[in-house]
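Observations on the three-dimensional arrangement
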Amino acid sequence: MPVITIDAPPLNKEQKREIVNSFAKSASKIIGLPVSAMVIIINEVESENVGVGDTLLCDRQHSE
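Throughout what follows, the structure given in this document is the object of discussion. Quick caveat, the model's predicted, so the values are computed rather than measured.

1. Here's the deal with the environment of serine 47
Tracing the backbone through its elements, the reader meets serine 47 in the loop between strand E2 (39-44) and strand E3 (51-52). Placed 18 residues apart in sequence, serine 47 and lysine 29 show a C-alpha to C-alpha distance of 32 Å. Leave out the neighbours within four places in its chain, and serine 47 touches Leu57, Cys58 and Gln61.

2. Details of the nonpolar core
For soluble globular proteins, nonpolar side chains are generally found buried alongside one another. Within the largest apolar cluster, 7 residues are counted, these being Ile4, Ile6, Ala8, Ala24, Ala27, Met38 and Ile40. Mapped by element, the contributors of at least two residues to this core are strand E1 (3-8) and helix H1 (13-31). With 3 residues, the top contributor of residues to this core is E1.

3. Some remarks on the environment of isoleucine 6
Mapped onto the fold, isoleucine 6 is located in strand E1. For isoleucine 6, a relative accessible area of 9% gives the class buried. Residues isoleucine 6 and threonine 55, spaced 49 residues apart in sequence, show a C-alpha to C-alpha distance of 22 Å. Excluding anything up to four places from it in sequence, isoleucine 6 contacts Ile19, Phe23, Ile40, Ile41, Ile42 and Asn43.

4. Brief notes about H1
For H1, with 19 residues, the first-to-last C-alpha span of 26 Å sits near the 27 Å given by 1.5 Å per residue. Along H1, the positions that sit buried rather than exposed are Ala24, Ala27 and Ser28. Buried residues of H1 fall within an arc of 100° about the axis and therefore sit on the same side. Facing away from the buried surface of H1 by more than 90 degrees, the exposed residues are Glu18, Lys25, Lys29 and Ile30. A side-chain oxygen of the first residue of H1 lies 3.1 Å from the backbone nitrogen of glutamate 14; this N-cap is asparagine 12. Remark: glycine 32 follows H1 within two positions and exhibits a positive phi of approximately 85°.

Quick notes on the rules
- Residues numbered from 1 in each chain as written.
- Predicted model: local features only at pLDDT ≥ 70, side-chain atom pairs only at ≥ 80, totals over all residues.
- Heavy atoms only, no water.
- Helix = DSSP H or I, 4+ residues; strand = E, 2+ residues; numbered from the N terminus.
- Contact = heavy atoms within 4.5 Å.
- Core = buried A, V, L, I, M, F, W, Y, C linked by side-chain atoms within 4.5 Å.
- Buried < 20%, exposed > 50% of the residue type's maximum accessible area, 1.4 Å probe, protein only.
- Expected span 1.5 Å × (residues − 1).
- Arc of directions from axis to C-beta.
- Polar contact = N/O pair within 3.5 Å; in protein donor to acceptor, adjacent residues only side chain to side chain.

The values reported here are purely geometric and, on their own, carry no functional implication.
Written out as structure tokens, the structure is:
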């Protein structure tokens, strides 16, 4: 049973449905296992909890 973990910004329910559907189908095709064997875990990560280099992602977004 493959487990796919996705770290992403907060998503709405429709976005989650779409990403789970897309990843499950793609992985099923590549790995050769049924879609029902795929487990997808979405970790929603706020930009204040992500550092890129020495800067929080939320700080980079405000300066762009």
